[in-house]
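Each chain, written out:
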Amino acid sequence: FSLPLTFVVTATEKIISRPGDNATLSCIYHGGELHLKNLRVYWQINDDRERCSVVHAFISGQDNESEQCSHFRNRTRLFWDRLENGDFSLLLLNVSQSDEHTYECVVLQKAEYTKRVHQAKVVLSLAASYSQPILSGPINNDSTGEEVTFSCRSSNGYPAPNVYWINKTDNSQLSPAELNLTLHTNGTYSVFTTLKVKATSNMEIECSIENRVLRENTSANYTQQSSSSTESHKTLEKSGHGAQAAGIISIVILMGLLLVLTCWLWKRKSSKLVSY
C-alpha cells in the first residue's frame, strides 16, 4: 500500500481485564465521515507479529477471516452498530493469559490511493483481586519458647502474588515454611502458605498478599497476649464482677431499711389516730 508520512496516532491505552471475562479494545476515529466500503481495518499484535499478524480484519464492509490467527478464531467481534460512527473497537471474548499483549488498530482508506487515516494501541493486562487472607495460628497461650505453626490462604486472584510473612513487633520479614500456588481452570490462582516460628510472650504476625498489577495489598494479623497479661485481665474482670455484686447487695440492704422505716412510721401514725 502507498501510505502517507503523516497520519493520526492516538495515545496508547492500558486496560485490565479479569481472566475469563470479555475485554473491549478501543479504536475510535474522530476525523469525519468514512465510507465502510472504502475501508480496511486491521487489528494485530504489536509486540509479537511473528506469532500472530492478524487478530481481526474488516475489509470493504465485511469481516475477513482468511488471515486471522487461529488463536483468535471465533473470539473477536466488531460493534456493527458503531462502525459508521468511526468506532472500530474490538471485543475480545474469554480472555486468558496468552492474550496479554500490546494490540494495534490500523484504519486504511482507499480513494485515489490507500492511506492510513487512524491508528491506536491498546495494552491488555489481566488481573483479579485476591480474597481477604484467612490466617490461623496457635490457640494455646502457654506455648512461649515452643515452635508454632501459622497458616494463611487466599484465592481468586491473578497474576501469581507476592507473599510476605511479617513480624509486626519489629517489622522484620520472615521466611515461609511452605508456599503453594494452585492455578484454577478459570485462570485465577489460590495461594496457601505456612510459617514456623518460636512462640514469644507477645506475638504479632502478619500475612500479606500483594497483587503487583493492581497495586493491591491485602493482609491478616494475629496477636497473642502473654499469659500474665491474660491473667491480670481475668483478675480485673473478677474484681469488676465483685464490685458489681457488692453494689447490688448495698442497694438491696438500703431498700430493706427504707421499707422498715416506712412501716415503723405508718404504725406510729396509726397508734396516734387510735389514741385520739
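Up top you'll find the structure we're talking about.
What counts and how
Residues numbered from 1 in each chain as written. Predicted model: local features only at pLDDT ≥ 70, side-chain atom pairs only at ≥ 80, totals over all residues. Heavy atoms only, no water. Helix = DSSP H or I, 4+ residues; strand = E, 2+ residues; numbered from the N terminus. Buried < 20%, exposed > 50% of the residue type's maximum accessible area, 1.4 Å probe, protein only. Contact = heavy atoms within 4.5 Å. Areas by Shrake-Rupley, 256 points an atom, 1.4 Å probe, with all protein chains shown as cover. Core = buried A, V, L, I, M, F, W, Y, C linked by side-chain atoms within 4.5 Å. Domains from an automatic or database assignment. Salt bridge = Lys/Arg side-chain N within 4 Å of Asp/Glu carboxyl O.

Quick look at the overall build of the chain
Phase 1 of the analysis: Secondary structure assignment for the chain yields one helix and 17 strands.
Phase 2 of the analysis: Going through the 276 residues of the chain one by one, you find that 36% of them count as buried.
Phase 3 of the analysis: Of the contacts made within the chain by residues no fewer than 6 positions apart, 63% connect residues no fewer than 24 positions apart.
Phase 4 of the analysis: Working note: accessible area of the chain is about 17100 Å², and carbon and sulfur atoms make up 52% of it.

Considering the nonpolar core
Phase 1 of the analysis: Counting 50 residues, the largest nonpolar core has Trp43, Phe88, Tyr103 and Phe150 as its most contacted members.
Phase 2 of the analysis: Considering every element that reaches this core, the biggest residue donor is strand β9 (residues 114–126), with five residues.
Phase 3 of the analysis: Residues lining this core come from more than one domain, with at least three contributed by each of domain 1 (13–126) and domain 2 (131–223).
Phase 4 of the analysis: Counting residues in each nonpolar core, the second largest holds six residues, with Tyr42, Val54, Ile59 and Val106 among its members.

Quick notes on the pattern of salt bridges
Pairing between side chains becomes possible if they bear opposite charge and their charged atoms approach one another.
Phase 1 of the analysis: For the coordinates displayed, the defined rule picks out three salt bridges.
Phase 2 of the analysis: One salt bridge in this structure joins Asp87 and Arg82, with 3.7 Å as the shortest N-O distance.
Phase 3 of the analysis: In this structure Asp87 comes out as buried when scored by relative accessible area, which is 11%.

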